[in-house]
Amino acid sequence: LQEAVATYRRLTTLAPTAAGPQVLLGRALADSGDRVGAARATEVAVKLAPASADVRTAQIQLLLSQGNGDAAVATARAFQSSSPGTTADLLLAETLDRTKQRDQAAAVLSKSQADKPNSIVLLKLATYAMQAKDTNRAEDLMSKWLAGNPTDLAVRLAYANIFMDRQDSARAIPQYETILKQSPNNVLALNNLGWLIQTSNPKRALSM
C-alpha cells in the first residue's frame, strides 16, 4: 500500500490540475488507514472537478466507509443542488439507500422520474418495489414504460424476469420472444427462453 501511495503522490505532482490522481491517492490512503490524508486528497479532487459525478461518488464512498452517513447524504444533496439532473438524483438516492433511508431514496427517484423519465431510474424504482415485496408495483412501472418505449431491451428483460421468477411461463415467454426479435443474440433471453420451453419444445430449447 505504501508503494501505491507513493506512486499516486507522484502522479498528483505530475498532473496537479487533474482530479483523477487525487481520487486514486485518496483511495490508497484510505486503504492504508490514513483517514485524514484520504479526506484531504478527496477534497482536493472535489475542488478540481466539482461537477464530476465520479469524484463526488468517491467522496461519498469515503464518507460512508468511515461511518459518516450524515455527511455522505449532505454531500450528495449538495451535489444534486449544484449539478441537478438524473445522475445527481441517482447518486443521492443510492446514498440515502445505503444509509437505510429507502423511503426517501424512492421519493427522490419518483420525483426524478416525473421530471425527466429515464429507464435507469425506472429500473431502480422497480428494484425498490421488488425488495419491498411489491411485485405488482414493479410490474406496473415496467409495463407502463414499455408501452411508450417498446424497444427498451433492458427494461423488457427485467420485466420478463419478473414473470420467470414467478414461474409464469405464459407471460414470460412472449417477452423473451419480443427481445429476441430485436436482439437475436441476447444471451440472457436465449438462455431463459430455452429453459422455459425445454418441455414444450425441447429441440428449439436445445438449439438456444
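Rules used in this analysis
- Residues numbered from 1 in each chain as written.
- Predicted model: local features only at pLDDT ≥ 70, side-chain atom pairs only at ≥ 80, totals over all residues.
- Heavy atoms only, no water.
- Helix = DSSP H or I, 4+ residues; strand = E, 2+ residues; numbered from the N terminus.
- Rg over C-alpha atoms; globule rule 2.2 N^0.38 Å.
- Buried < 20%, exposed > 50% of the residue type's maximum accessible area, 1.4 Å probe, protein only.
- Areas by Shrake-Rupley, 256 points an atom, 1.4 Å probe, with all protein chains shown as cover.
- Lys, Arg positive; Asp, Glu negative; His and termini not counted.
- Charge placed at Lys NZ, Arg CZ, Asp CG, Glu CD.
- Salt bridge = Lys/Arg side-chain N within 4 Å of Asp/Glu carboxyl O.
- Axes fitted to C-alpha atoms, helices over the stretch in contact; angles between N-to-C directions.
- Parallel < 35°, antiparallel > 145°, perpendicular 65-115°, else oblique.
- Left-handed = near helix turned anticlockwise from the far one by under 90°.
- Contact = heavy atoms within 4.5 Å.
- Nonpolar A, V, L, I, M, F, W, Y, C, P; charged D, E, K, R; others polar.
- Core = buried A, V, L, I, M, F, W, Y, C linked by side-chain atoms within 4.5 Å.
- Polar contact = N/O pair within 3.5 Å; in protein donor to acceptor, adjacent residues only side chain to side chain.
- Patch = residues over 30% accessible without salt bridge, like charges linked within 9 Å, V, L, I, M, F, W, Y side chains within 5 Å.

Enquirer: What's the story with the overall build of the protein in this structure? I'm lost.
Expert: Counting secondary structure elements, the protein contains 13 helices and 0 strands. Along the chain direction, N to C, the helices and strands of the protein fall in the order α-α-α-α-α-α-α-α-α-α-α-α-α. Since a compact globule built from 208 residues should have a radius of gyration of about 17 Å, the 22 Å found for the protein marks it as more spread out than a globular shape. When the backbone C-alpha atoms are referred to their principal axes, the protein occupies close to 65 × 35 × 25 Å. Expressed as a percentage of the 208 residues in the protein, the buried residues total 39%. Working note: accessible area of the protein is about 11,700 Å², and carbon and sulfur atoms make up 52% of it. Once the 23 positive and 18 negative side-chain charges of the protein are each reduced to a mean point, those two points are 2 Å apart.

Enquirer: Help me understand the pattern of salt bridges in this model?
Expert: Where charged atoms of side chains with opposite charge meet at close range, the side chains can pair. The full count for this structure, using the stated rule, is 6 salt bridges. Across the pair D115 and K111 runs a salt bridge, and its minimum N-O distance is 2.7 Å. A residue pair is termed a helical-turn pair when its members lie 3 or 4 positions apart in one helix, as D115 and K111 do in helix α7 (residues 102-115) at 4 residues. Both residues of the pair, D115 and K111, belong to the exposed class. Here R166 and E139 are joined by a salt bridge, their closest N and O atoms 3.2 Å apart.

Enquirer: Would you mind going over the packing of helix α2 (residues 19-31) against helix α4 (residues 53-65) with me for this structure?
Expert: The interhelical angle for the contact between α2 and α4, taken along N-to-C directions, is 15 degrees, at an axis separation of 10 Å. When the axes of α2 and α4 are compared, the pair comes out roughly parallel. As α2 runs across α4, the sense of the crossing is left-handed. Where α2 abuts α4, its residues A19, V23, R27 and A30 lie against V55, A58 and L62. Grouping the constituent residues of the contact of α2 with α4 by class yields 6 nonpolar, no polar and 1 charged.

Enquirer: In this structure, what is going on with the packing of helix α3 (residues 35-48) against α4? I would like to understand it.
Expert: A pair of packed helices is characterised by two quantities: the angle between their axes and the separation of those axes. Relative orientation of the contacting elements α3 and α4 amounts to 155 degrees, with a least axis distance of 9 Å. If you check the angle between α3 and α4, you find them roughly antiparallel. Viewed along their axes, α3 and α4 form a crossing whose handedness is left-handed. Of the residues in α4, those in contact with A38, A39, T42, A45 and V46 of α3 are V55, R56, A58, Q59 and L62.

Enquirer: What is the right way to look at the nonpolar core in this model?
Expert: Here is a general trend for soluble globular proteins: nonpolar side chains tend to be buried in one another's company. Counting 42 residues, the largest nonpolar core has M142 and Y176 as its most contacted members. Here this core gets 7 residues from one element, more than from any other, and that element is helix α10 (residues 153-165). Beyond its immediate stretch of four places on either side in the chain, M142 contacts L122, L123, A126, V155, A158, Y159 and I162.

Enquirer: Help me understand helix α12 (residues 187-196) in this model?
Expert: Given 3.6 residues per helical turn, the α-helix brings residues three or four places apart onto the same face. Restricting attention to buried positions, one finds in α12 the residues A189, N192, L193, G194 and L196. Looking at the buried side of α12, the elements it contacts are α10, α11 (169-182) and α13 (202-207). Its side-chain oxygen 3.3 Å from the backbone nitrogen of L188, N186 forms the N-cap of α12.

Enquirer: Explanation requested: the side chain of Q22 in the structure shown.
Expert: In this fold, Q22 is placed in helix α2. The class for Q22 is buried, based on a relative accessible area of 11%. When sequence neighbours within four positions are dropped, the list of residues in contact with Q22 reads T12, A41, V44, A45 and L48.

Enquirer: Could you clarify how one ought to interpret a nonpolar patch on the surface in this entry?
Expert: A contiguous nonpolar patch, built from L11, L14 and L24 and spanning about 240 Å² of accessible area, is present on the exposed surface. Along the polypeptide, L24 turns up in helix α2. Residue classification places L24 among the partly exposed residues on the basis of a relative accessible area of 30%.

Enquirer: Whenever I open this one, unusual backbone geometry confuses me. Can you help?
Expert: Excluding glycine, most residues fall at negative phi; most peptide bonds, likewise, are trans. Here K100, not a glycine, exhibits a phi torsion of approximately 65 degrees, which is positive. Secondary-structure assignment places K100 in the loop between α6 (86-98) and α7. The phi angle at K133 is positive, at roughly 65 degrees, despite the residue not being glycine. Locating K133 in the fold gives a position in the loop between α8 (119-131) and α9 (135-148). The exposure class assigned to K133 is exposed, which follows from its relative accessible area of 73%.

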